[in-house]
Amino acid sequence: MKPNNRATSKQLARIVREIAKARAGRSYPSLFRVFLLVAASGDVPRAKRILAWMYAVPPTRVATALSTDAIDAFCAAAELGDVTKGLPYFGPPRDDVPPLRARVAAAEGMIRERVLRDAFSGAAPKNDGWQKQDPTDRMTWVARWRRIQAIARQGTKTAEQDALARLDAYLRDIPPGQRFTAGGDELALALDLAYRHEGEVLVGAWLAKHGARLVEAPFLLETALCFRAVAAKMVQGVLREAIGLSTAEIEAALRAIEKVVGAAPMQTQRSQPPPKIQKRRVSCSYSQVHLEPAELTAKERAQVHFQKRNDAKKGMSLFPTMVGIGTPSDTAYVDAEITVALAAKPAVRLDGVTQAVTFPLAVRGPLRLTSVDSAGDEEPIVIPSGTYDVLARFVPKTAPRGSAKAGLRVFKLELAFHAQGVLEAPRTLRLEA
């Protein structure tokens, strides 16, 4: 299948039109569908541009149940760093966000278990009796797929190689227009097994026959991306012809999208550099300060810091666009110095530092550094839009006589905004206690 596949081209054009008509802030699901097509084409730079649009303002709802997992897997394979920070999240409650590598491994375990789970009623076949059944009967294909699942579930190298051989025959035998028994999970599993067990030579025939299903079958690309071996091959462009989009076609679509959503934040921030150092003084009621958008949404106004069980022990209370930072005890106020150091490889020094944490923060506009009893009239802090890893360090200062007499201390709070992922945030580096 050569690039410029007509069906995929029409699908891409249709999604671009959806984005043009979408209300402000509602284009994340459509952008994710464009991301899937571009990522599966192996076009890493353009996929990265789409992610910048998707995360310019942190999304709060997943595009699909697997969307964040699929993005994480692609970013890990393409070495783009932790773009999503695990958000938006679709899953059971969790106190901490695991690092990218752990999330990708967990997602692969989840998707493997789901793909291999027998979802049909009745006992699974224990032999190859399907060979004696009518090949035009759908239940013959069901029995065949269940047999493959049962073998692959054993998890040994021998069993997986057996399952791969059976999947190869399955994909060669099934007619191009016949509906897949498992909605495409067969192809996703086959790709994973082939890439892990030296069966790459088999893939070409599958894609020549069934490549169109990659973009037609719902959730197939997300499922395939969650397998790390498949994600690694996607990044190399092995599915490009099956997807059927040319570089020129992708670029034209992205330019059309850019007219609607604007330039990617991390690409435009260099033209409007913030001041080298921005200084603010803020009181530290209840041993905390808050860094938040100057203009809060209704949802952000409802968010309360330090309500989760382990926030105090971490020294921070995290939300996607705002953070509460725990201060050392008995702190009267802090003199904050805010810097942006996107290009630097940070050296995290803790000499003379009383307390230090790192945290991720998505910035959509000016910020405020506030206290619990803030009046709301703080001077805004100018930070270019984007997603950052922020390093916060408390360095002791000499307290004024009045504060010292009252047993209160004063600190310099160094807030350094670094490129996303370089600090592996969030991390608690040092707590006074």
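Residues numbered from 1 in each chain as written. Predicted model: local features only at pLDDT ≥ 70, side-chain atom pairs only at ≥ 80, totals over all residues. Heavy atoms only, no water.

**Q** Account for the pairing of strand E2 (residues 288-293), with residues named and values stated.
**A** Across the 6 residues of E2, 6 count as buried, placing the element largely inside the fold. Note: E2 against strand E4 (residues 323-326), 4 bridges, orientation antiparallel. Looking at the pairing, glutamine 288 lines up with glycine 326 of E4. The pairing of E2 with strand E7 (residues 367-370) spans 4 bridges and is antiparallel. Residue glutamate 292 lies in a different strand from E7, and its bridge partner there is arginine 368. (Buried < 20%, exposed > 50% of the residue type's maximum accessible area, 1.4 Å probe, protein only. Helix = DSSP H or I, 4+ residues; strand = E, 2+ residues; numbered from the N terminus. Pairing = 2+ DSSP bridges.)

**Q** Tell me about helix H5 (residues 100-116), and please be specific about residues and values.
**A** Between its first and last C-alpha atoms H5 spans 24 Å; for 17 residues at 1.5 Å apiece the expected length is 24 Å, and the two agree. Buried within H5 are the following residues: Leu100, Arg103, Val104, Ala107, Glu108, Ile111, Arg112, Val115 and Leu116. (Expected span 1.5 Å × (residues − 1).)

**Q** Could you give an account of the packing of aromatic side chains, naming the residues involved and the relevant values?
**A** Considering all chains together, one arrives at 6 aromatic pairs under this definition. Summarising the aromatic geometry, the rings of phenylalanine 35 and phenylalanine 74 are spaced 5.4 Å apart at their centres and angled 90 degrees between planes, so their arrangement reads as edge-to-face. Of this pair, phenylalanine 35 sits in helix H2 (residues 28-40) while phenylalanine 74 sits in helix H4 (residues 67-78), and the two are 39 residues apart along the sequence. In terms of burial, phenylalanine 35 and phenylalanine 74 fall into one category: buried. A centroid spacing of 5.3 Å and a plane angle of 85 degrees characterise the contact between tryptophan 141 and tyrosine 170, whose relative ring orientation is edge-to-face. Of the two residues, tryptophan 141 sits in helix H6 (residues 138-152) while tyrosine 170 sits in helix H7 (residues 157-173), which places them 29 residues apart along the sequence. (Phe/Tyr/Trp six-rings, centres within 6.5 Å; stacked < 30°, edge-to-face > 60°.)

**Q** Summarise a positive patch on the surface; cite the residues concerned and give the values.
**A** The grouping of Arg23, Arg26, Arg61 and Lys299 at the surface amounts to a positive patch. Along the chain, arginine 61 falls in the loop between helix H3 (44-54) and H4. For arginine 61, a relative accessible area of 71% gives the class exposed. (Patch = residues over 30% accessible without salt bridge, like charges linked within 9 Å, V, L, I, M, F, W, Y side chains within 5 Å. Areas by Shrake-Rupley, 256 points an atom, 1.4 Å probe, with all protein chains shown as cover. Salt bridge = Lys/Arg side-chain N within 4 Å of Asp/Glu carboxyl O. Lys, Arg positive; Asp, Glu negative; His and termini not counted. Charge placed at Lys NZ, Arg CZ, Asp CG, Glu CD.)

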